[in-house]
Amino acid sequence: MLDVKGKRVVVVGAGASGIAACRLLVARGAHVVGTDAKKAESVSDGVRALAGEGITLVLGGHAEARLPEADLVVVSPGVPLFPELEAAEKRGVPIWGEVELAVQALAKPAPVIAIGGTNGKSTTTSLVGELLARAGKRTFVGGNLGEPLAAHADEPFDVVVLEVSSFQMERVAAFRPKVSVLLNVSPDHLDRYPSEAAYADAKGNAFVRQTEDDVAVVPVNDEVCLRQAKRGAARVVTFGEGGDVSVGADAIVDGAAVHPRRTLSLQGGHNALNVAAALAAIQPFGIAPEIVREVLTTFEGLPHRMVFVRERRSVRFYDDSKGTNVGATVTAVRGIREDKVVLIAGGRDKGGSYGPLVDALRERGRAAVLIGEAKELIRDAIGSALPVRIAASMDEAVLVSAELARPGDAVLLSPACSSFDMFRDYKDRGDAFVRAVMELSA
């Protein structure tokens, strides 16, 4: 149970999780300082409102927040190490992420299912939450997906389902999920981490404090994920072809339950793995088979994740704007049901190689239309493997893609990059794609 009454706590970062952390800490009796590198004129109205709630704001830098003098520092996801934070760390000040704070602050302790991975975690998290909710359990679903848990710490939940990112798992002190899932690890965020191993280790921190009473869910025959799971003492459950929850060409087999893949609302090989991981994650909660079957046949996934938009002149358009790294885009290209794809990709580069994407495009690509800051990098990686066009906007990219596609092809937005060079976020990018597709003449 969290005890911060009368203590001085500094919250770094004024996004949604930082605002929620500030309010939670004030409610628990702490003296709270909220700080952000952004200047006052650049922060949201929600941040400015904190000043009227008993929270001291230090904006435009962190020096006046006096982090080394704090009793506790709470860091928002994605905040890198900076001198004042490093000084606090050297002085021995506890430094937590918002997830650590929120779980410790839960008014009614509840088992946690933590779902991490480079790709697929939002879909899997939402599916797990739906399965539990349909079974009548009061379920929180959020974390890196949607609402921060800190905003709901006083609500009574039977189960807490958290999508957890590598950033969120960097700063955990006592975090011990009942079930920890690591779906996959492929190169990502190499603009932040010094190596792929360091990135994997950050994700794997979710396993470290698990005991033999807990469950670790990882892909079968995946040595990287298994090594992370074995950093804790949990019972390992595998998913995938030949795993404890097995994915076959025609069905997913979970013990005595057989789920034909043709009956699943979520289609594609990558989604079959997401479904299998979700089934493994809910095993400790005893959900009735008929509820599981009903959810699997009706759950349609999330916006901007391999969503069919429109068919025009026998070409089908798909929105996978959430494909923000090379691994996700490779999965999307290989999983498309059409024989050939015109790929719209590009954005802000995140480090790592585009080689795996080029290999997938050699097999399945009709052409590539590139946008954003990384367009030249991707063009140079593709070379002469397939035709490449450069576009200055999403509208132009859609028009060019429609011209390049042949009847029976797919046009796929799956950028392999972050969105922050041209758009607010991946949702804004996906919305722009959908608008442009819908505006194409019939």
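So, here is what we can say about the structure in this document. (Residues numbered from 1 in each chain as written. Predicted model: local features only at pLDDT ≥ 70, side-chain atom pairs only at ≥ 80, totals over all residues. Heavy atoms only, no water.)

1. Brief notes about the packing of helix H1 (residues 16-27) against helix H4 (residues 98-105)
Look at H1 against H4: their axes get within 10 Å of each other, and the N-to-C directions meet at 35°. As H1 runs across H4, the sense of the crossing is left-handed. Here Ser17, Ala21, Leu24 and Leu25 of H1 lie close against H4, whose contacting residues are Glu98, Leu101, Ala102 and Ala105. Here the residues of the contact of H1 with H4 sort into 6 nonpolar, 1 polar and 1 charged. (Axes fitted to C-alpha atoms, helices over the stretch in contact; angles between N-to-C directions. Helix = DSSP H or I, 4+ residues; strand = E, 2+ residues; numbered from the N terminus. Left-handed = near helix turned anticlockwise from the far one by under 90°. Contact = heavy atoms within 4.5 Å. Nonpolar A, V, L, I, M, F, W, Y, C, P; charged D, E, K, R; others polar.)

2. With respect to the nonpolar core
Core analysis: the largest hydrophobic core is formed by 39 residues, its most contacted members being Leu25, Val74, Leu101, Val160, Leu162 and Phe175. Listing elements by their share of this core, those giving two or more residues are strand E1 (8-12), H1, strand E4 (72-75), H4, strand E6 (112-116) and strand E8 (159-163). When residues of this core are assigned to their parent elements, the largest contribution, 6 residues, is made by H1. Once residues lying within four places of it in the same chain are set aside, the contact partners of Leu101 are Leu2, Ala21, Leu24, Leu25, Val74 and Trp96. (Core = buried A, V, L, I, M, F, W, Y, C linked by side-chain atoms within 4.5 Å. Buried < 20%, exposed > 50% of the residue type's maximum accessible area, 1.4 Å probe, protein only.)

3. Examining the pairing of strand E7 (residues 139-143)
Counting buried positions over the 5 residues of E7 gives 4, a clear majority of the element. Relative to E8, E7 runs parallel, the two being bridged by 5 bridges. Of the residues in E8, the one forming a bridge with Gly143 is Glu163. (Pairing = 2+ DSSP bridges.)

4. Things to note about the environment of Ala272
You can see Ala272 is positioned in helix H9 (residues 269-281). Measuring from C-alpha to C-alpha, the distance between Ala272 and Val103 comes to 30 Å, with 169 residues separating the pair along the chain. Setting aside chain neighbours within four positions, we find Ala272 in contact with Val247, Ile252 and Arg261.

5. A few points about the environment of Ile95
By the element assignment, Ile95 lies in strand E5 (residues 95-97). A relative accessible area of 10% places Ile95 in the buried class. Distance in space between the C-alpha atoms of Ile95 and Asp45 is 26 Å, their sequence separation being 50 residues.

6. Side note on unusual backbone geometry
What you tend to see is this: most non-glycine residues have negative phi, and most peptide bonds are trans. Phi is positive for Arg66, which is not a glycine, with a value near 50°. Note on placement: Arg66 falls in the loop between strand E3 (56-59) and E4. Given a relative accessible area of 38%, Arg66 falls into the partly exposed group. Of note, the phi angle at Ser314 is positive, near 65°, even though the residue is not glycine. By the element assignment, Ser314 lies in the loop between strand E15 (307-312) and strand E16 (315-319). Look at Ser314 and you get partly exposed, because its relative accessible area is 41%.

7. Points about the packing of aromatic side chains
The tally for this structure, following the rule as stated, stands at 4 aromatic pairs. Arranged with centres 6.2 Å apart and planes meeting at 35°, the rings of Phe167 and Tyr193 form a pair that is tilted. Of this pair, Phe167 sits in helix H6 (residues 166-169) while Tyr193 sits in the loop between strand E9 (179-182) and helix H7 (196-204), and the two are 26 residues apart along the sequence. Take Tyr193: its relative accessible area is 9%, and that puts it in the buried class. Pairing Tyr193 with Tyr199 gives two aromatic rings, centres 5.6 Å apart and planes at 50°, and the pair type is tilted. (Phe/Tyr/Trp six-rings, centres within 6.5 Å; stacked < 30°, edge-to-face > 60°.)

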